[in-house]
Amino acid sequence: VPDMYGTYSTLNKLTVMNDSWALPPQDFSAYERVAFGWVEPEVIRTSRHGVWLPSANQQLAAVMVPTVRPAEYFLIEFRDPPPTGYGSATQGYRGLAVYHVLAGSSMWQDPPLVKLEPADGEIAPNEALDPNDFILPKNPELRRPFVVRSYYDDRNEIFRIDNVVWRDDGLAFDVVIVPQPAPTPGANLLLNGSFETGHSGTPDAWAPGWYMPQDASFGWPQPNSSEGVSSASLQSVSGNDIRWSQVVATTPGERYQLCGFLKGESVAGLQGDVAANVSLLGGFVRSDSLSGTFDWTKACVSFTAETSPVEVVCRLGFYGSTAAGRVWCDDFTLEHIRLHSAFVP
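Along each chain, numbering runs from 1 in the same order as the chain's sequence is written. Confidence filtering applies because this is a predicted model: local features only for residues at pLDDT of at least 70, side-chain atom pairs given and counted only at 80 or more, and all residues used for totals across whole chains, interfaces and linings. The basis for every side-chain value is the complete set of heavy atoms in the structure, and neither hydrogens nor water enter the calculation.

Enquirer: Residue-level account of the packing of aromatic side chains, with values.
Expert: For any pair of aromatic rings, the description rests on two quantities: the centre-to-centre distance and the angle between the ring planes. For Phe, Tyr and Trp, rings pair up if their centres lie within 6.5 Å, where Trp contributes its six-membered ring, and each pair is then called stacked (planes under 30 degrees apart), edge-to-face (over 60) or tilted (otherwise). What the rule picks out here adds up to 17 aromatic pairs. With centroids separated by 6.0 Å and ring planes inclined at 85 degrees, the aromatic side chains of Phe 195 and Phe 332 adopt a geometry described as edge-to-face. Taken together, the residues span a long stretch of sequence, with Phe 195 in the loop between β9 (170–177) and β10 (198–199) and Phe 332 in strand β20 (residues 323–337) at a distance of 137 residues. The buried label goes to any residue with under 20% of its type's maximum accessible area, the exposed label to any with over 50%, and the partly exposed label to all in between, with areas taken from a 1.4 Å probe on protein chains only. Of the residues examined, Phe 195 reaches a relative accessible area of 0% and is grouped as buried. Counting from the N terminus, the helices are DSSP H or I runs at least four residues long and the strands are E runs at least two residues long.

Enquirer: Quick one: what's the story with the state of the cysteines, residue by residue and with numbers?
Expert: By definition, disulfides here are pairs of cysteine sulfur atoms that lie within 2.5 Å. Evaluation of the coordinates by the stated rule reveals 2 disulfides. Put simply, Cys 259 and Cys 300 are joined by a disulfide, and their sulfur atoms are 2.0 Å apart. Across the disulfide from Cys 259 to Cys 300, rotation about the S-S bond amounts to roughly 115 degrees, and the bridge is consequently right-handed. Separated by 41 residues along the polypeptide, Cys 259 in strand β16 (residues 255–269) and Cys 300 in strand β18 (residues 292–304) bring together distant segments of the chain. By relative accessible area, which is 12% here, Cys 300 ends up buried. Note that Cys 314 is cross-linked by a disulfide to Cys 329, the S-S spacing being 2.0 Å. Disulfide Cys 314-Cys 329: the torsion about the S-S bond is -80 degrees, which places it as left-handed. Remark: Cys 329 occurs in strand β20 and Cys 314 occurs in strand β19 (residues 310–316); sequence separation between them is 15 residues. Considered together, Cys 314 and Cys 329 belong to a single accessibility category, that of buried residues. Each disulfide in the chain links cysteines that, numbered along the sequence, combine into the pattern 1-2, 3-4.

Right, dumping it as structure tokens:
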């Protein structure tokens, strides 16, 4: 799991991945618990009355609210720290914690990977948490209703929380979902993102690359595809960092989103733990890692261009992490996107 400290961190003592100095140690947040597979959150796609959550410090439970963009979603948990022992350092921070997740970002970018959406509407990076940041029935600073908005485009309202009450040693609340239009796709800045054309075993506009030239296998065309008729493949038996890459002109300081569909067979990180991913070459910008045997899965990462051009990759492995297995790459897009700051009302 990634570190939760950084320029735009707001999690403070909510997770040991941000503050590892306390004894007894901090607890984990819903984000890490879901990443570990400890929690399978209840997914809410339509408005619901009387959603109930027990204390996350006593039971493994959380709620997820997705959006029309796979990279952006929300996790909700009820934090109620014990008086002593593990996780007790967050005394005074009690109530619903709403986490705004932007997969593929980091705590060094704005918007960050995970942000606590404050109940009172006011929060600044790297400051101590305020008890009024948590949703409680008698929080005098709670915005009523509590409205959560997207980072994208016109900052559309995604959902609101209302009617928060105590029930059965937990918190019950209403989640009112605002229907969202499907996002309008931007222009794809990649050439041959579908991997449909090519010659001599190489897809047009893409080039193979490797950390070690031995045990690096590249395939094109592959009849295995998410759409269309062909894809490109990467394979390593003993472990490597290999990729299909394309160099693209960007505007420094502007935001972009790279997405691609990946399919894997017996994929595993060996040295390190990063396996299949989409990423930028020459930095540490990457999507979440995919491992095991999996069907076509969309992986995305958003980033601020620091230079031009950038080199985008479909990858098996990463810096300091070799991986083995076979990965297929298909239907890649690179879009210029508009993301608002997480800290501007």
